[in-house]
Amino acid sequence: MIERLHKDAEFIIKNSIKAVLPDAAVKKALSNFTHTNGKVVLIAAGKAAWQMAAAAVEVLNHVDRGIVITKYGHIKGEISGIECYEAGHPVPDENSFNATKRALGMVSDLSEKDTVIFLLSGGGSALFELPLIPGDELQNITKQLLSSGADISSINTIRKRLSHVKGGRFALACAPAKVFSVVLSDIIGDPLDMIASGPAYPDNSTCDEAKAIVQKYGLTLSDTTLKLLEVETPKEIKNVDTYITGSVRELCKAAADNCRELGYETLILTDELCCEAKEAGRFLASIARTNAKTGKKLAFIAGGETVVHLTGSGKGGRNQELALASAEGIGNLESCIAIFSVGSDGTDGPTDAAGGYADTDTMKELSDKGINIHDVLSNNDAYNALKETEGLIITGPTGTNVNDVAVVLIGVTEVQ
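The present account deals with the structure reproduced in this document. These figures come from a predicted structure and were not determined experimentally.

A word on the overall build of the chain
Moving on, step 1. In terms of regular secondary structure, the chain is built from 16 helices and 12 strands.
Moving on, step 2. The C-alpha atoms of the chain give a radius of gyration of 22 Å, which matches the 22 Å a tight globule of 416 residues would have.
Moving on, step 3. When the backbone C-alpha atoms are referred to their principal axes, the chain occupies close to 75 × 50 × 30 Å.
Moving on, step 4. Within the chain, the fraction of its 416 residues that count as buried is 58%.
Moving on, step 5. Of the contacts made within the chain by residues no fewer than 6 positions apart, 81% connect residues no fewer than 24 positions apart.
Moving on, step 6. Of the roughly 16,700 Å² that the chain leaves accessible, carbon and sulfur atoms contribute 48%.

Examining the nonpolar core
Moving on, step 1. Counting 51 residues, the largest nonpolar core has Leu30, Leu42, Ile117, Leu119, Phe340 and Leu409 as the members making the most contacts within it.
Moving on, step 2. For phenylalanine 340, the residues in contact, after removing those within four places along its chain, are Ala9, Ile12, Ile13, Gly356, Tyr357, Ile393, Val405, Ala406, Val407 and Leu409.
Moving on, step 3. Grouped together as the second largest cluster of nonpolar side chains are 49 residues, Ala99, Leu138, Ala196 and Leu219 included.

Quick notes on the pattern of salt bridges
If the charged atoms of two oppositely charged side chains come close together, the side chains can form a pair.
Moving on, step 1. Taken as a whole and assessed by the stated rule, the structure comprises 26 salt bridges.
Moving on, step 2. Lysine 178 is paired through a salt bridge with aspartate 241; the nearest N and O atoms lie 3.9 Å apart. Taken as a pair, lysine 178 in strand S5 (residues 178-184) and aspartate 241 in strand S6 (residues 240-245) lie far apart in primary sequence, 63 residues in all.
Moving on, step 3. Lysine 178 gets classed as partly exposed once you look at its relative accessible area, which sits at 32%.
Moving on, step 4. Across the salt bridge formed by aspartate 190 and arginine 249, the nearest N and O atoms sit 2.9 Å from each other. Linking aspartate 190 in the loop between S5 and helix H9 (207-217) with arginine 249 in helix H11 (residues 248-261), this pair joins segments that are 59 residues apart in sequence.
Moving on, step 5. With relative accessibility at 44%, the residue arginine 249 sits in the partly exposed group.

Focus on the sheet that holds strand S10 (residues 355-359)
Moving on, step 1. In spatial order, the strands read S7-S8-S12-S9-S10-S11; together these six strands make up an open sheet with mixed pairing. Two strands in the sheet have a free side with no partner beyond their single neighbour: strand S7 (265-273) and strand S11 (392-393).
Moving on, step 2. Judged from the five bridges that link them, strand S9 (residues 337-343) and S10 form a sheet pairing that is antiparallel. Bridge assignment links phenylalanine 340 to a residue of S10, and that residue is tyrosine 357.
Moving on, step 3. Here H11 sits on the sheet in contact with S7, strand S8 (298-304) and strand S12 (404-410), set at roughly 165° to S7.

Topic: the side chain of lysine 71
Moving on, step 1. Its place among the elements puts lysine 71 in strand S2 (residues 65-71).
Moving on, step 2. For the buried lysine 71, no salt bridge is present, and the opposite-charge side chain at shortest range is aspartate 345, 5.2 Å distant.
Moving on, step 3. Within the local environment of lysine 71, its side chain forms a polar contact with the side chain of threonine 347, the two groups lying 3.2 Å apart.
Moving on, step 4. Once residues lying within four places of it in the same chain are set aside, the contact partners of lysine 71 are Gly46, Glu86, Ala87, His89, Leu127, Thr347 and Gly349.

A look at the sheet that holds S2
Picture the strands of a sheet paired through backbone hydrogen bonds; they go either parallel or antiparallel.
Moving on, step 1. The parallel open sheet is built from six strands, whose spatial order is S3-S2-S1-S4-S5-S6. On the outer flanks of this sheet lie strand S3 (83-87) and S6, each paired with one strand and no other. Along the sheet, successive strands turn relative to each other by an average axial angle of 15°, direction set aside.
Moving on, step 2. One ladder, built from five bridges, connects S2 with S3; its direction is parallel. Bridge pairing in S3 places threonine 70 opposite glutamate 86.
Moving on, step 3. Running at roughly 155° to S5, helix H2 (residues 23-30) makes contact with strand S4 (115-120), S5 and S6 of the sheet.
Moving on, step 4. Packing of helix H3 (residues 49-59) onto the sheet brings it into contact with strand S1 (40-45), S2, S3, S4 and S5, and relative to S1 it is tilted by some 155°.

Observations regarding the environment of lysine 227
Moving on, step 1. The topology assignment puts lysine 227 in helix H10 (residues 223-228).
Moving on, step 2. In this structure, the C-alpha to C-alpha distance between lysine 227 and proline 176, residues 51 residues apart in sequence, is 29 Å.

A short note on the layout of surface pockets
Moving on, step 1. Roughly 970 Å³ of volume is contained in the largest pocket.
Moving on, step 2. Lining the largest pocket are 46 residues; nearest its centre among them are Pro90, Leu146, Arg318, Gly349 and Pro350.
Moving on, step 3. Those elements giving two or more residues to the lining of the largest pocket turn out to be helix H5 (124-127), helix H6 (135-147), helix H7 (152-160) and helix H13 (318-330).
Moving on, step 4. Taken together, the residues of the lining of the largest pocket sort by class into 14 nonpolar, 19 polar and 13 charged.
Moving on, step 5. Counted as a void, the second largest pocket has a volume near 160 Å³.
Moving on, step 6. Contributing to the lining of the second largest pocket are His6, Ala9, Glu10, Ile13, Lys14, Tyr357, Glu390, Leu392, Ile393, Ile394 and Thr395.

Concerning the pairing of S2
Moving on, step 1. Counting buried positions along S2 gives six out of seven residues, so the element sits mostly inside the fold.
Moving on, step 2. Pairing analysis gives five bridges linking S1 to S2, with the strands arranged parallel. Along S2, the bridge assignment pairs alanine 45 with isoleucine 69.
Moving on, step 3. A crossover links S1 with its parallel partner S2, the connecting element being H3, and its sense is right-handed.

Quick word on H11
Each turn of an α-helix holds 3.6 residues, which means side chains three or four residues apart point in the same direction.
Moving on, step 1. Taking 1.5 Å of rise per residue, the 14 residues of H11 would be expected to cover 20 Å, and the 20 Å separating its terminal C-alpha atoms lies within 8% of that figure.
Moving on, step 2. Where H11 is concerned, the buried positions are Val248, Leu251, Cys252, Ala254, Ala255, Ala256, Asn258 and Cys259.
Moving on, step 3. On its buried face, H11 sits against helix H1 (2-19), S7, S8 and S12.
Moving on, step 4. Just downstream of H11, glycine 263 is the residue with a positive phi angle, here 95°.

What counts and what doesn't
Every residue gets a number counted from 1 within its own chain, in the order that chain's sequence is written. Where totals are concerned, whole chains, interfaces and linings use all residues; where local detail is concerned, this predicted model gives features only for residues with pLDDT of at least 70, and gives and counts side-chain atom pairs only at 80 or more. As a rule here, side-chain values cover all heavy atoms of the structure and leave hydrogens and water aside. Helical segments are the DSSP runs of H or I of at least four residues, strand segments are the runs of E of at least two, and each set is numbered from the N terminus. The atom set for the radius of gyration is the C-alpha atoms, and the globule formula is 2.2 Å times the number of residues raised to the power 0.38. Only protein chains enter the accessibility calculation, which uses a 1.4 Å probe. A residue is then buried if its area is under 20% of the maximum for its type, exposed if over 50%, and partly exposed in between. Contact criterion: two residues are considered in contact whenever any of their non-hydrogen atoms come within 4.5 Å of each other. To measure how exposed things are, a 1.4 Å probe is used in the Shrake-Rupley method; for residues, cover is taken only from the protein chains shown. Remark: nonpolar core denotes a set of buried residues (Ala, Val, Leu, Ile, Met, Phe, Trp, Tyr, Cys) joined through side-chain atoms within 4.5 Å. The working definition used for a salt bridge is a side-chain nitrogen of Lys or Arg within 4 Å of a carboxyl oxygen of Asp or Glu. In this scheme, strands are said to pair when DSSP sees at least two bridges between them. Each axis is a line fitted through C-alpha atoms, taken for helices only over the stretch in contact, and angles between the N-to-C directions span 0 to 180 degrees. In this tally, Asp and Glu contribute negative charge and Lys and Arg positive charge; neither His nor the terminal groups of the chain are included. Here a polar contact is taken to be a pair of N or O atoms separated by no more than 3.5 Å, where protein atoms must pair a possible hydrogen donor with a possible acceptor and residues adjacent in sequence count only if both atoms sit in side chains. For cavity detection a 1 Å grid was placed over the protein atoms alone, and a set of points counts as a cavity when a 1.4 Å probe fits there but cannot get out; an open set counts as a pocket when protein lies on both sides within 12 Å along at least five of seven lines, with lining residues being those that have an atom within 4 Å of a point. Grid points are joined across faces, edges and corners, and a volume is the space filled by probe spheres set on the points. Ten residues, namely Ala, Val, Leu, Ile, Met, Phe, Trp, Tyr, Cys and Pro, are considered nonpolar, four, namely Asp, Glu, Lys and Arg, are considered charged, and the remaining ones, Gly among them, are considered polar. By convention, orient the strands away from the viewer: a clockwise path from the first strand over the helix to the second makes the crossover right-handed. Expected helix span is computed as 1.5 Å times (number of residues minus one).

This is the structure we're talking about:
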């Protein structure tokens, strides 16, 4: 039964991600776009940028020039008329800065007759960046934020104020040209000003909120950076039409459909999971324990984005940490249970894994190898532990990015 659960997990992951690829949605969005007599410039940024740009070029009759800025390893080939760049994520690097500068150059000479097709997806905060402070200082701040346990909205509230393009500033750089923006959401609730730090959307966050985040997470910032936090971001932008597509809700629905196809009675618990990854794993394990002896094939689904508070120096990501944390809670059960969590973009933290898988055998397998789950989690080293149990989920770059999904699978057991 455990082997069957593992195969079911692979089926659910593969087909759920396939269901949320952005191709059809981008083409549908651009069906509403009407060509003018002016230039058409395509700017695509984020982990799904290549996939979105390829779909856009296929449906558009003409693009004068364009650029894709995406994560290392995410470019799948050439796109006619489009320059493709790979850059750093989750921490921006010189390639991020240089490619973004190139993008700004492409929109610097446009008139009111011209249009910028702006394709935006998660990861854009690091990939689409030209900082107002030295690059190494921004990298340090980014690392502080990512290790603090802050949620993505808090992180982006800070990053917006340190950038030439975030918080609506890219849209202003395109003016007087019109911007037609297609956004693939990777943040719970689809806040347009927070997805990739909102380069083409008015910023709803405030300077006071930014300063409160600095205090809450004890960030160490230079005087120059602190002064930038006092500068308010654009609150009104008039040259942008925005079309939002894709979300974790669609991912959860796709996962549920696939679970049902395999014969599981399925319940979506939430599409707004937002807590520490370890706590999410323990919570899902408790759901499994409660339902372990019903005699039914059951599936429970939770979508969203957890966070990791770094306390160690190990290797891993939030989905791997969630899965490993769940292993403790289901390890002593006689029932056949699997819990897995995966990032829809195919990457989880600074690793080559998309997520992690654990079942009722995982804890014993690790214990037999002298590995203590509590110690591993304290060192944030889920990757190396799950590697020992074949619990790493490897998909490669998927071409989409709509948050994470975690699934509890309960195999058929006799009621005792």
